[in-house]
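Breakdown of the fold
Okay, here's what each chain looks like letter by letter:
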Amino acid sequence: MALSGMRGLSVFISDIRNCHNKEQERLRVDKELGNIRTRFKNEKGLSPYEKKKYVWKMLYIYMLGYDVDFGHTETVSLISAPKYPEKQVGYIVTSCLLNENNDFLRMVINTVRNDIIGRNETFQCLALTMVGNTGGKEFSESLAPDVQKLLISSSCRPVVRKKAALCLLRLYRKNPDVVNIDGWADRMAQLLDERDLGVLTSVMSLFVSLVSNNAEAYWNCLPKCVRILERLARNQDIPQEYTYYGIPSPWLQVKTMRALQYFPTIEDPNARRALFERILMGTDVVKNVNKNNASHAVLFEALALVMHLDAEKEMMSQCVALLGKFIAVREPNIRYLGLENMTRMLLVTDVQDIIKRHQAQIITSLKDPDISIRRRALDLLYGMCDVTNAKEIVEELLQYLNTAEFAMREELSLKAAILAEKFAPDLSWYVDVILQLIDKAGDFVSDDIWYRVVQFVTNNEDLQPYAAAKAREYLDKPAIHETMVKVSAYLLGEYGHLLARRPGCSPKELFAIINDKLPTVSTSTVAILLSTYAKILMHTQPPDVGLQQQILTIFKKYESYIDVEIQQRAVEYFELSRKGSALADVLAEMPKFPEREPIVNVEEKFHILCTKDSGVLYEDPHIQIGLKAEWRAHHGRLVLFLGNKNTSPLMSVRALILPPSHLKMELSSVPDTIPPRAQVQVPLEVANLRASRDVAVLDFSYTFGTALVDAKLRLPVVLNKFLQPITLTPDEFFPQWKALSVHSLKVQEVVKGVKPMPLPEMANLFMSLHLAVAPGLDNNPNNMVACTTFFSEATLAMLCLIRVETDPQDRTQLRLTVASGDQYLTFELKEFIKEHLIDIPRAQAAPPPAVVQPQLPAAAPATYNDPGAMLAGLL
C-alpha cells in the first residue's frame, strides 16, 4: 500500500508501539485524533497526499479498537479521486469504517457505479471489492445490474469477473431479489462452461447460494456440474497454479459437489462414474498436512454426495472401506472425521453390514485419549448395533463404563440400556446388563431405566426367580448405589418368596440384609423399603413372630415421620399387619403392566423430536419406529427405521404420508413384510414451500398374526426445522428492526398464561427452537432479543427478529414482538413461539396398575412415574 513513504504515519505507528501501557497509548491516540480533526476543519489547505496520510492514520486508530466518529466525509471523498493511490485509500478505509446502513455511502453510489462501468480494470476491482465487503440494500438495488453485466461480459479480464461473481454473491445474500431467476438460469449455465478456473470457482460459490434457495430453477445447470467434476477427476486442462499438492482445484471440487447435493437425484451414469473416480484418487494419508487437508475435504464432500444420491452398494462399500482406513490412522483429526462420516453413512440403506467389518477398530477408538473421538465412536457403535452384534457392543460399553469420565457416563448408560432392551437375545441377559449399569454408574442411571426392568420382570413369570436371585447377590456387596437398593428391595419384596429354599434367602435373612441399608438411604427409598417389609411379612409362612415384631417396630417408628408419604405407609402397613389376611389381599402380587404404550407417551416422543434430529417416534410390543433427520435450508432428508421386535414377521406393512399444503414430501417405497428381528430403512424427502404450523401425518399400519395395528403419527417436520440461528451486531440489528416497522410485517401481542421461567431458561428454550439469543441488544435486563433465518421456497432465506419483554413482578405474562419480511411468516412464527411459552397442561402418562384396596398407596414404589416409559425417547 506504499505506506513506507509516509513518514508521519510511520512515526505515529512507532510512537504507539513504544507506549508502555494502555493509558500512554490512549493519550497518544487522542492527541493524534485532535490533530487530524483540526487539519480536516481546514480541508482546503490539505493536499491529496496529506488527506491520504490522515485517513490511513484514522484506519490504524480504528484497528487499535478506538472509535473514529469523524472524517467520514474526507474518507469517502477520496473515492472520487482520479489517481489510484488516493482512490485505493478511499475504498479500503470506507469499507472498514462504514457499514452498509451508513448514510455517507449514499454519497458515493454514483462514483462507485462509474468506476464499475468504466474502462479502468484496477478501478473496477477496487469498486467491486468495496461493494462486496460492504453490501447493503441500496448498493444491491443500484449496482447489481452493472455487476451482472461485468460477470457475463466476454471482454472483461478474469480478475474482474472473479470479483464480480463474489460481489454479486454478497448482494444476493443481502437481497435475493437482485437476481431474476427466470433470466439467470440460462446465464448461469453459460457461466459454468467457463474455462478459467479462477472465474469458475467464484461462479460456483454464487451458484451454490442460488441453488440452495431454488434448485428446480437451475435444473439445466446439472449436466454442467457433472462435466466440471469429470474434468477435475481426470485432471484435464488444469493449470499448474490451480493444482494444490497434486490435487486439481480442491476448492472447486468441494463447491461443485455441494451444489449437486441440492438437487433431488442424479440419474446420469457419467455423473456417478465421475464421482466414483474422484473418491478413488488421492485418498491415502501422507505426512504432508496441507495435502491431507485438501484431499480429505474433497473426499468427505464426495461421501456426503454419495449418501445424498443413494448410490449403488459397490460404491458405498468402497466409501466405507476408505473410511475404515481413516479410523485406523494415528492422526486424531482424520480419525474423528472418519468416525463422523461413518456414522452419517448409517443413514444409507444396506451399509450397516459393511460397517460392521470395522467394529473392532471402532471399539478401539472408544479408548482414545481424545474425548471427541470417544464420543464419535460411541455414537457410531450405538447406530450400528443390531441383534447380531448387540451382546458384544453392550459388553464393551459396560467395560468402558469403568473408566469413562463423568461427562460421558450418563449418555453411555442410557445408550447401553436402550441397546440391551432393543436387541436382547434373552431377558435374563437384559436384567444382567441393567443391574451392571446400576452397579457401575448408579448416579447416571435414571429411574426410568430400573422402572423398565420392573416392567419386564413383572410381565415375565419365568424371569422372576432369576431377577430376584441377581438382586440378592448385589445386596451382599459392602457398598452399593442407592438405585441398586431400590430395585433390589422391590424385586425381593415381590419375588423373594420364590427363593425361600435357597441358602441366605429366608424371609428373616432377606429382611436383615435389606434393613442394613435403611439408615443410609433417602426418603424416596425408605418408602420402597417399607413396602418391601410388608411384602416379606405377607409371604412369611408360617408366620415368624420375631420377624413380625421387628417389622412392626419399624412401622411404629415411622408413624410420626415428617414425610407424609412415609408416615401414611407406616400407619396403614402397621394396621394391616395386625389383621393377617387383609395384608395378603391388599399386597397381592403386582398384575402385569399393559403392553400397549399409552398415546401420551407417543406425544412425548413427538415433542422430543421437535427439538432433536434423532430418536424414537413410536413403539409398541411388535415394532419400533426410529427417525433420523438432516436439514439444509428449506430441504430435509429423514430416514424412518422400522424395526421388528418379534421372532415372527410383520405382514401387510403400509405407510402413507399425509402432508399439509406447505410441505412437499416424497416417501420411498415400504416393503410389504418386515422379517423377524430385522430393521428396514425408509428415506423421506421434504421441501418447505412456505411458513406454516401444520404438521404432516404418517398413516402406518401392519398385521401381526391376525391382529391389525393402525397408527397415525405426527411427524416432527415443524417450523423450527427450517430456522437457522444467526447472530447480528447492534449495527446490523437495529436498521433491520426499524425497516420492518410496517404493521403487517411486525406484530406484537401481550401473551398471558406463560409458564413462569427465568430468562436463562427462556434463552435455552429459544436456542432449542433455533432462535439465536443476542445478549446486549436490549438495555433492559428483563428483556431478550433473538434472531434467526427462515428458509422456504417462497421466502428463500428471510431474516426474522424477535423481542420478548418480561415483567419481573408477574412472570406469567410478557409482550412478544416478531418481525420479518413476510406477513404470513411473522404471524406463524409468533404463534409458534407463543405455543412454546404458554404453560399448556399436558395429559399425564397412564400410571401403573393399582393394588386392590383403593385407600392404600400402591405397593409399588410411590416414586413411580410410569415404569412403562420408553427409554429411547430420552435421547
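Predicted model, so just to flag it, every value in this text is computed and none were measured.

1. A few points about helix α35 (residues 823-837)
- Taking 1.5 Å of rise per residue, the 15 residues of α35 would be expected to cover 21 Å, and the 21 Å separating its terminal C-alpha atoms lies within 8% of that figure.
- Within the span of α35, buried status applies to Leu825, Thr826, Glu828, Leu829, Lys830, Glu831, Phe832, Ile833, Lys834 and Leu837.
- Check the buried side of α35 and you find it contacts β11 (723-725), β12 (746-752), α34 (759-768), β14 (783-792), β15 (796-807) and β16 (810-820).

2. Here's the deal with the pairing of strand β5 (residues 635-644)
- With respect to burial, β5 is a largely interior element, nine of its 10 residues being buried.
- What sits between strand β4 (residues 623-632) and β5 in their antiparallel hairpin is a turn of two residues, with Ala633 showing a positive phi close to 55°.
- Where β5 meets strand β8 (residues 679-688), nine bridges bridge the pair, whose relative direction is antiparallel. Of the residues in β8, the one forming a bridge with Val639 is Pro683.

3. Some words on the sheet that holds β8
- One open sheet holds the five strands; their spatial order is β3-β4-β5-β8-β7, and the pairing between them is antiparallel. Edge positions in the open sheet fall to β3 (614-619) and β7 (663-667), since each of these has one partner strand only. The mean angle between the axes of side-by-side strands here comes to 25°, regardless of whether they run parallel or antiparallel.
- Pairing geometry for β3 and β4, over five bridges, is antiparallel. Bridged to Gly615 within β4 is Leu627.

4. Observations regarding the nonpolar core
- In this structure, Ile355, Ile362, Leu397, Ile514, Leu530, Tyr533 and Phe555 are the most contacted members of the largest nonpolar core, which totals 118 residues.
- When residues in this core are grouped by element, the largest group, 10 residues, is from helix α28 (residues 523-539).
- Leaving out residues up to four positions away in the same chain, Leu530 has contacts with Ile554, Phe555, Tyr558, Ile566, Arg569, Ala570 and Tyr573.
- Ile13, Met58, Met130 and Leu206 belong to the second largest nonpolar core, which has 93 residues in total.

5. Things to note about the packing of aromatic side chains
- Inspection of the entire model under this criterion finds 17 aromatic pairs.
- With a centroid separation of 6.0 Å and 50° between ring planes, the pair formed by Phe700 and Tyr702 is classed as tilted. The pair Phe700 / Tyr702 is uniform in exposure class, with both members buried.
- Geometry around Phe123 places Lys87 over its ring, the cationic atom sitting 4.8 Å from the centre.
- Geometry around Phe606 places Arg714 over its ring, the cationic atom sitting 4.1 Å from the centre.

6. What to know about the packing of helix α27 (residues 507-515) against helix α29 (residues 545-557)
- Taken N-terminus to C-terminus, the directions of α27 and α29 make an angle of 30°; their axes are 10 Å apart at the nearest point. Taken together, the axes of α27 and α29 lie roughly parallel to each other. Along this stretch, α27 crosses α29, giving a crossing that reads as left-handed. Side by side, α27 and α29 meet where Pro507, Lys508, Phe511 and Asn515 of the first sit next to Leu547, Gln550, Ile551 and Ile554 of the second.
- Of the residues belonging to the contact of α27 with α29, the class tally is five nonpolar, two polar and one charged.

Definitions and limits used
- Residues numbered from 1 in each chain as written.
- Predicted model: local features only at pLDDT ≥ 70, side-chain atom pairs only at ≥ 80, totals over all residues.
- Heavy atoms only, no water.
- Helix = DSSP H or I, 4+ residues; strand = E, 2+ residues; numbered from the N terminus.
- Expected span 1.5 Å × (residues − 1).
- Buried < 20%, exposed > 50% of the residue type's maximum accessible area, 1.4 Å probe, protein only.
- Contact = heavy atoms within 4.5 Å.
- Pairing = 2+ DSSP bridges.
- Axes fitted to C-alpha atoms, helices over the stretch in contact; angles between N-to-C directions.
- Core = buried A, V, L, I, M, F, W, Y, C linked by side-chain atoms within 4.5 Å.
- Phe/Tyr/Trp six-rings, centres within 6.5 Å; stacked < 30°, edge-to-face > 60°.
- Lys NZ or Arg CZ within 6 Å of the ring centre and 35° of its normal.
- Parallel < 35°, antiparallel > 145°, perpendicular 65-115°, else oblique.
- Left-handed = near helix turned anticlockwise from the far one by under 90°.
- Nonpolar A, V, L, I, M, F, W, Y, C, P; charged D, E, K, R; others polar.

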